Amino acid sequence: MTEQKNELYQEIEAWAQNAILHSPTWSINQLDYSEKSITVVEMIIGEMADKSFGLPEEQLNMISQEYGCYLLLTAHKLYGGQFYWNDELQQPMLICCEPDSTIALLTWDKVKGRLLGDKVDHIAYFLDEFGKAVFQPEKGTNLVYL
């Protein structure tokens, strides 16, 4: 089990690195897996959303996965937890607060929604809400952020 998680962690890390490599020059030094960098990702995705019309589905998915993994890794660095693969949604997730509570974070669909121009999918707010939930969870809490 541990080996598999390590492999998943490495994969998430590699995708997150790709997000940084493919980011606009102005943002690269700000993508440091800090809480502040989440707002930078929001700005990058917002800029991309204006240009994403007509992008092939494959490219939209790749961008969603790269930045989604960047956000997962940032949340992991901020809040801890473990990475798992969600078979049903075919994407990685971060689960925090086990064994007393289960608070899961899935980011790919949120990033993709934002890329497609949905302003409701505000990434910084979304991650902030997740952070509040894991800060002092009540025993038995089961939450999924996606």
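Rules behind the numbers
- Residues numbered from 1 in each chain as written.
- Predicted model: local features only at pLDDT ≥ 70, side-chain atom pairs only at ≥ 80, totals over all residues.
- Heavy atoms only, no water.
- Pairing = 2+ DSSP bridges.
- Helix = DSSP H or I, 4+ residues; strand = E, 2+ residues; numbered from the N terminus.
- Axes fitted to C-alpha atoms, helices over the stretch in contact; angles between N-to-C directions.
- Contact = heavy atoms within 4.5 Å.
- Phe/Tyr/Trp six-rings, centres within 6.5 Å; stacked < 30°, edge-to-face > 60°.
- Buried < 20%, exposed > 50% of the residue type's maximum accessible area, 1.4 Å probe, protein only.
- Lys NZ or Arg CZ within 6 Å of the ring centre and 35° of its normal.
- Salt bridge = Lys/Arg side-chain N within 4 Å of Asp/Glu carboxyl O.

Peer 1: Teacher, can you tell me more about the sheet that holds strand 4 (residues 142–145) here?
Peer 2: The strands making up a sheet are joined through hydrogen bonds of the backbone, oriented either antiparallel or parallel. Sheet architecture is open: four strands sit in the order 1-2-3-4, paired in mixed fashion. The sheet is open, and its two borders are formed by strand 1 (82–86) and strand 4, each paired with just one other strand. Going from strand to strand, the sheet's axes swing by 25° on average, the running direction of each strand aside. In the sheet, strand 1 pairs with strand 2 (residues 91–96) via five bridges, with the strands oriented antiparallel. What sits directly across from Tyr84, in strand 2, is Met93. With respect to the sheet, helix 5 (residues 123–135) is in contact with strand 2, strand 3 (102–105) and strand 4, its orientation differing from that of strand 3 by roughly 165°.

Peer 1: Which parts of the structure should I look at to understand the packing of aromatic side chains?
Peer 2: Describing an aromatic ring pair means giving the distance of the ring centres and the angle of the ring planes. In this structure the tally under the stated criterion is six aromatic pairs. The interplanar angle of 25° and the centroid separation of 4.8 Å between the aromatic rings of Tyr33 and Tyr70 together place this pair among those described as stacked. Here Tyr33 is found in the loop between helix 1 (2–21) and helix 2 (35–51), whereas its partner Tyr70 is found in helix 3 (residues 57–79), with 37 residues between them in sequence. Here the two residues Tyr33 and Tyr70 agree in accessibility, since each one is buried. Ring pairs connect the aromatic residues Tyr79, Phe126, Phe130 and Tyr145, which therefore count as one cluster. If you follow Lys77 out to its NZ or CZ, it ends over the ring of Tyr33, 5.2 Å from the centre.

Peer 1: For this particular structure, what's the right way to read the pattern of salt bridges?
Peer 2: Here the idea is simple: oppositely charged side chains can pair when their charged atoms come close. Counted by the stated rule, this structure contains five salt bridges. The closest approach of N and O atoms between Glu42 and Arg114, which form a salt bridge, is 2.6 Å. Linking Glu42 in helix 2 with Arg114 in helix 4 (residues 108–115), this pair joins segments that are 72 residues apart in sequence. Here Glu42 falls in the buried class, since its relative accessible area comes to 6%. With a closest N to O distance of 3.5 Å, Lys132 and Asp128 form a salt bridge. With Lys132 and Asp128 both in helix 5 and four residues apart, the pair spans about one turn of that helix. According to the relative accessible area criterion, Asp128 is partly exposed, its value standing at 33%. Beyond isolated ion pairs, a larger network of salt bridges with shared partners links Asp128, Glu129 and Lys132.

What is shown is where atoms sit, not what they do.
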